[in-house]
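Structural features, examined
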Amino acid sequence: MSGTPSTAPRNLIVSALTAFAAFGAFWGVWGASVPRVQQQAHVTDGRLGIALLFVAAGALPAMLVVGRALDRWGLRTAALLVMALGTAGVAMALTARNLLGLCIGLSLVGACSGAADVAMNAVAGRAEALSCRPVITRAHGVFSTLVVLAGLGTGLVSAASLPLAVPFVSVAALSLVAGATMLRTLPSGPWHPGGAGHTATDATPPVRPRLLPLLLVGALGALAFATENAHQSWSAVFARDELHAGPGLAAVAPAVFAGTVAVTRFSIGGLKAAHARTVLLAGALAATTGTVVVAAAPTLLVAALGLVVAGAGTAVLFPTLIGIVSRNVEESRRGRATSTVTGVAYLGYLLGPVYVGLWADADGLRAALGAVAALAAALLLLTQLLLRLTGFDASTYRGRGRYRRRPTVLPTALPSAVAPEPWLTSDKLASPRCQNGHGTSTGREPS
């Protein structure tokens, strides 16, 4: 059948890791370049916060329509979107000479980023389904690692006083190479799985999850994402303006945060679901404490220590929340449940930097980070209550093996239009083909 190469799992894994590497490199360059972009565009903190809204304005519509494109034209769409993101970054760097140019450039970046985000997660999800390996977890680890490396590289470029466009041109070249690699390794055309995909062990129709519990979990995710992206987007500006660090040292701040997130996410992959509630509370407490330390930091070293604590805390939050939802919905409803939770949570990811910008314009960056600490504290206080209201059992774990779960009625096709978001790394999100508890396939490959 068209669209199914002979070594589909391996090719899909390579494509997923390649896409996440390019995606991480782009956002590493962006995080470290925010102070220079702000300076070039001649905008205040408040206007920068408003400009960041245009990332959301571009991303959300793109995320809604890209699923249809994946269904119609196949996974190679992801390769084109990765290429487009790199190109959009160069366009933004060249045109951000004033507020209008910055807003237009960020709209384009947001559209390409949102679409690429969904598409590359669809590739990673398909790879995990076929290979029965934790591809999503590793892909997000690759993303965070490249954020660190690209951020540090951008710091060196800034310290050398090279033009702002230089790191964006470099990451665009990487995106073009990544896209070309994906075009060679991804299957062409839409994929049509063979077989009915149903088990004979459970004929009970799936129960559709209620909307309210999913919205409540999504609200917790929004608080987690707002805290996380506030640090990632503003830590370099804070280091420059409040701690008087030079351009090179200021770029270290987001790299320290992203590096901690990467290490933490690789480290928690083996944690059992029985610890989910404890992980959430500990993560929220660490995020609150670390943010308070950063807000009060007298030196860059103290701020870096605070970023380490805050990064470790925020890193565990959304993956744990999405894991709770995954364990409490039927297989045939998993995609829609995940879509609802991640959609609500993504609003927090987009609005977090804006929230900081508005606070900073009104009362300074230190006060703004205090307001971010308040978001993390709200998450700490609301976690127990909202999880109880959902009726979800945060500790439920069906089976012992890494990919083992109880038999259920499976969908006739893997949903390619709905993909997990960049921070979904739960190792309990199992594939219908991975039911024997040993990471081996129990269903036949598509033909």
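The chain is annotated in an unreviewed UniProt entry as MFS transporter from Streptacidiphilus jeojiensis. Recorded in UniProt for the chain, the comment headed Subcellular location (unreviewed entry) runs: "Cell membrane".

Over its 31 residues, helix α7 (residues 211–241) extends 43 Å from the first C-alpha to the last, a length consistent with the 45 Å expected when each residue adds 1.5 Å. Largest kink in α7: about 50°, centred on W234.

Moving on: the packing of α7 against helix α14 (residues 365–390). The packing of two helices is summarised by the inter-axis angle and the distance between the axes. Orientation of α7 relative to α14, taken along the N-to-C sense of each, is 160°, at an axis distance of 9 Å. With respect to α14, the axis of α7 lies roughly antiparallel. The way α7 lies across α14 gives a crossing that is left-handed.

We now examine the side chain of S175. Looking at the secondary structure, you find S175 in helix α6 (residues 165–185). Take S175: its relative accessible area is 2%, and that puts it in the buried class. Discounting residues that sit within four places of it in the chain, S175 has contacts with A22, V82, M83 and G86.

What follows covers the packing of aromatic side chains. All told, the structure shown has seven aromatic pairs when counted by the stated rule. Between F23 and F143, the ring centres sit 5.8 Å apart and the planes meet at 35°, which makes this aromatic pair tilted. In this pair, F23 sits in helix α1 (residues 8–41) while F143 sits in helix α5 (residues 135–159), placing the two residues 120 residues apart along the sequence. An identical accessibility class is assigned to F23 and F143; each is buried. Through pairs of rings, three or more aromatic residues link up here, namely F23, F26, W27, F143 and F168.

Turning next to a nonpolar patch on the surface. A surface patch of nonpolar side chains, amounting to about 480 Å² of accessible area, comprises I50, L53, F54, L347, L351 and L358. For the nonpolar patch, the elements supplying multiple residues, two or more each, are α2 (45–73) and α13 (334–363). The residue L53 is located in helix α2 in this model. What makes L53 partly exposed here is its relative accessible area of 34%.

Even without glycine at this site, H42 takes up a positive phi of about 60°. With respect to the element layout, H42 can be found in the loop between α1 and α2. With a relative accessible area of 66%, H42 lands in the exposed category. The backbone of S161 shows a phi angle near 60°, a positive value even though the residue is not glycine. Position of S161 relative to the elements: it lies in the loop between α5 and α6.

Calculation rules
- Residues numbered from 1 in each chain as written.
- Predicted model: local features only at pLDDT ≥ 70, side-chain atom pairs only at ≥ 80, totals over all residues.
- Heavy atoms only, no water.
- UniProt positions renumbered as here; feature names shortened; annotations may be inferred.
- Helix = DSSP H or I, 4+ residues; strand = E, 2+ residues; numbered from the N terminus.
- Expected span 1.5 Å × (residues − 1).
- Bend = angle between axes of the 7 residues up to and from the residue.
- Axes fitted to C-alpha atoms, helices over the stretch in contact; angles between N-to-C directions.
- Parallel < 35°, antiparallel > 145°, perpendicular 65-115°, else oblique.
- Left-handed = near helix turned anticlockwise from the far one by under 90°.
- Buried < 20%, exposed > 50% of the residue type's maximum accessible area, 1.4 Å probe, protein only.
- Contact = heavy atoms within 4.5 Å.
- Phe/Tyr/Trp six-rings, centres within 6.5 Å; stacked < 30°, edge-to-face > 60°.
- Patch = residues over 30% accessible without salt bridge, like charges linked within 9 Å, V, L, I, M, F, W, Y side chains within 5 Å.
- Areas by Shrake-Rupley, 256 points an atom, 1.4 Å probe, with all protein chains shown as cover.
- Salt bridge = Lys/Arg side-chain N within 4 Å of Asp/Glu carboxyl O.

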